[in-house]
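Single-letter residue listing:
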Amino acid sequence: MAISDSRFAPLPNRQAAAERITTPPISFAADAWRRFKANPAALAGLVILVLIALAAFVGPYFTEYSYSDQIRGMNNKPPSAEHWFGTDPLGRDMLVRIFIGGRISLAVAVFAGLLQLVVGVAYGAVAGLRGGRVDNFMMRIVDILDTIPLTIYVILLAVLLKPGLTSIFIAIGVVYWTGMARLVRASVLALKEQEFMLAARALGASRSRLVFRHLVPNAMAPIIVELTFSVPRAIFTESFLSFIGLGVSAPMASWGVLASDGFAVMRSYLWELAIPAAAIVMTTIAFNFVGDGLRDALDPKLRR
Amino acid sequence: MARYILQRVITMLVVAWVVVTLTFFMMKALPGGPFASEKKLPEAILKNIERRYKLDRPLMEQYFDYLKNVVKWDLGPSFKYEGRTVNDVINKGFSVSAKLGGLSILISLVLGVPIGVIGAMRHNGLLDRVTSGLAILTAAAPSFVIAGLLQYYLGFKLKWFPPATWGTTKHYVLPTIALCSFSLAWLIKLTRSSMLEVTNQDYVRTARAKGIPEFWVVYRHMIKNALVPVIASLAPLTAGILVGSFIIEFIFAIPGVGREFVVSITNRDYTVTLGMTVFYGFLLTGFTLVGDILTALVDPRVRLDKEG
């Protein structure tokens, strides 16, 4: 028995409908930001950091005092309407000194981060990409550097270079890049075997294009996270150096210098320690929150 | 295993040599000599002193002399105090520092690991929240601030414990709390995250599926594996305690090696700084070696990875 064609009807073409993207496409950065925003602690940390940075860089222009001016008869005055954070043993306004100190401490942190980024990322990328004997040799150097008690060398470098901002920059920068180098090498090793690398190479991409266009952007997430955690470390090292007398020299101040100056008089004038210490604690915690938030936001595996 | 240990020992010897060499040449690169900071000495006397300390010899000869002396464990004289050698400083202070540091490491381990484990088991429970908060706070404040506050409130105000110096058991309390706060916080965080990572492993699910009692799953399958990174962190932990002890001993006026190190820096007593750097370098190298061997003992993956 023959079935006539009229009994058949073509199904609607569902293919196009199935492939249609219903939600608007979202870039990786936008997605990361969306997930970062959903984390209240991380968002609070970011807001605090922005406020602290603003205060440090703009704050000094809004007060009539300068960080080095000593006001006669105003030694060790507690916080008041005139001097929000009180005054120090030499009668200097603490508020503006905290602002200025923030500049120095944040500058140390940012510089240490940048140096880590440049040296650590380049070193790790080269070791990972070259592989083989070059990699082995380069990583043995990192192994040796890691075993050496680095903080002691920071001290030694600071002694050597004469106390001051430059020596703190150099000491922290020279010493703290090994962790970053390891991290970048590990990501590069994992990434370079992947198909997109093969494709890029097959298309004849140059080595620098391979590194800067394909490898580094893909390894960016762990790099950024490592950076946020390294900043508190730099601020800590700076305050440690200041405490043992290797900080920036007077009348300049950093949070570390202010805290260790305050430490000397804490029994009578507790706020002179408490305020710079609070600045350090707040910044460190904020960076940790932001780092935690970024780690979750940038991890594609946690994408929902 | 023997091959692995041998390999590590050789690496550590190389590290020790690098430490000595680096430190020596860094100190030599200092502008001016160790006597330059003194008031101006007549040329002839300066020459005499330099001959006395063999500073007029060629640099490489001085370097090999220093290497030889280090091998014989003679770290040289102090340039600031007559008749005092770096060895004296270390011999005098080390037992005090070792007690303080050892106690701090012990407390960090004994308290930190269980708290971390419990924190991970009762993830986001009350204890977890409280200890995590405390850990963030102690890890965020510079150690001299914590030490200063402890000394002020518990020492001077409440008079529960002696605020400074060294002697009876009571003297141990404040410096030990101050010294171990950071490493304790760090260990809690490390153990906790390492436990949380193990929780999702396949072998843990297998163990549960086999019907092993929960206690044994946690104890035998999870904790043992979660402790590998903790053991591997022995060296950085010691390093942290060591560096922390510089400040803590200084604040609490404890006659240990850490305080001497800080004093030698402020005094510009270069030979003592140099000698103590070498000493600390060796100490940490030793701890790294022990940590590496322990890690290899508990984790066969490390052993096979490095041998292959």
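Residues numbered from 1 in each chain as written. Chains lettered and ligands numbered in written order. Predicted model: local features only at pLDDT ≥ 70, side-chain atom pairs only at ≥ 80, totals over all residues. Heavy atoms only, no water.

Caption draft 1: Region of interest: unusual backbone geometry. Its identity is not glycine, yet B:W73 carries a phi of approximately 55°, on the positive side. Its location among the elements puts B:W73 in the loop between α3 (59-71) and α4 (86-121). (Helix = DSSP H or I, 4+ residues; strand = E, 2+ residues; numbered from the N terminus.)

Caption draft 2: Quick peek at the nonpolar core. Judged by nonpolar contacts, the single largest core of 130 residues is most densely connected at A:I155, A:I244, B:F246 and B:Y280. A total of 14 residues in this core trace back to one element, the largest contributor, which is helix α13 (residues 271-298) of chain A. Those residues in contact with B:F246 that lie beyond four places of it in its chain are A:I152, A:I155, A:F240, B:G258, B:R259, B:F261, B:V262 and B:Y280. Core analysis: the next-biggest nonpolar cluster, separate from the first, contains 16 residues, A:A200, A:V211, A:A219 and A:L227 among them. (Core = buried A, V, L, I, M, F, W, Y, C linked by side-chain atoms within 4.5 Å. Buried < 20%, exposed > 50% of the residue type's maximum accessible area, 1.4 Å probe, protein only. Contact = heavy atoms within 4.5 Å.)

Caption draft 3: Inspection of a nonpolar patch on the surface at higher detail. Residue and element names in this part refer to chain A. Residues W33, L46, V47, V50, L51, L54, F57, V58, Y61 and F62 make up a contiguous nonpolar surface patch of about 1,000 Å² in total accessible area. It is helix α3 (residues 40-58) that provides the largest number of residues to the nonpolar patch, a total of seven residues. Inspection of the secondary structure puts V50 in helix α3. When its relative accessible area of 45% is taken as the criterion, V50 is described as partly exposed. (Patch = residues over 30% accessible without salt bridge, like charges linked within 9 Å, V, L, I, M, F, W, Y side chains within 5 Å. Areas by Shrake-Rupley, 256 points an atom, 1.4 Å probe, with all protein chains shown as cover. Salt bridge = Lys/Arg side-chain N within 4 Å of Asp/Glu carboxyl O.)

Caption draft 4: Inspection of the packing of helix α4 (residues 94-130) of chain A against helix α7 (residues 165-175) of chain A at higher detail. All names here are of chain A. Two elements in contact, α4 and α7, have axes whose closest approach is 9 Å; the angle formed by their N-to-C orientations is 35°. Crossing angle aside, the handedness with which α4 passes α7 is right-handed. Contacts between α4 and α7 involve I104, A107, V108, F111, A112 and L115 on the former and, on the latter, L165, I168, F169, I172, G173 and V174. When grouped by side-chain class, the residues that make up the contact of α4 with α7 number 11 nonpolar, one polar and no charged. (Axes fitted to C-alpha atoms, helices over the stretch in contact; angles between N-to-C directions. Left-handed = near helix turned anticlockwise from the far one by under 90°. Nonpolar A, V, L, I, M, F, W, Y, C, P; charged D, E, K, R; others polar.)

Caption draft 5: Just the interface of chain A and chain B, in detail. Taken together, the contacts link 34 residues of chain A with 45 residues of chain B. Viewed at the interface, chain B and chain A are joined by zero residue pairs in polar contact (both at pLDDT 80 or more). Mapped onto the side of chain A that touches chain B, the elements with two or more residues apiece are α5 (132-147), α6 (150-160), α11 (220-243), α12 (255-264) and α13 of chain A. Here the element with the most residues in the side of chain A that touches chain B is α6(A); it accounts for eight residues. Taken together, the residues that form the side of chain A that touches chain B break down as 26 nonpolar, six polar and two charged. (Polar contact = N/O pair within 3.5 Å; in protein donor to acceptor, adjacent residues only side chain to side chain.)

Caption draft 6: Structural view of the side chain of B:S104. Mapping B:S104 onto the fold places it in helix α4. In this view, B:S104 contacts B:T176, B:L179, B:C180 and B:I241; residues no more than four positions away in its chain are not counted.

Caption draft 7: Broad picture of the environment of B:V113. Residues and elements named next belong to chain B. Take V113: it is sitting in helix α4. We classify V113 as buried; its relative accessible area is 15%. C-alpha of V113 to C-alpha of I5: the two residues are 108 residues apart in sequence and 27 Å apart in space. Once you skip the residues sitting within four places of it in the chain, V113 turns out to touch S108, T191, L227 and V230.

Caption draft 8: Expanded view of the packing of aromatic side chains. Going through the model one piece at a time under the given rule, you end up with 23 aromatic pairs over all chains. Measuring from centroid to centroid gives 6.5 Å for A:F240 and B:F246, while their planes differ by 35°, and the two rings are tilted. With one member in each of two chains, A:F240 in helix α11 and B:F246 in helix α10 (residues 234-251) form a pair that bridges those chains. Assessed through its relative accessible area of 0%, B:F246 is described here as buried. Between the aromatic rings of A:F243 and A:F263, the centroid separation amounts to 5.3 Å while the plane-to-plane angle is 80°, which identifies the pairing as edge-to-face. Of this pair, A:F243 sits in helix α11 while A:F263 sits in helix α12; the two residues are 20 residues apart in sequence, bridging distant segments of the chain. (Phe/Tyr/Trp six-rings, centres within 6.5 Å; stacked < 30°, edge-to-face > 60°.)

Caption draft 9: Layout of the environment of B:Y63. Residue and element names in this part refer to chain B. Along the polypeptide, Y63 turns up in helix α3. For Y63, a relative accessible area of 5% translates into the label buried. Separated by 12 residues in the primary sequence, Y63 and L75 place their C-alpha atoms 13 Å from one another. Once residues within four sequence positions are removed from consideration, Y63 is found in contact with W17, T21, F24 and F25.

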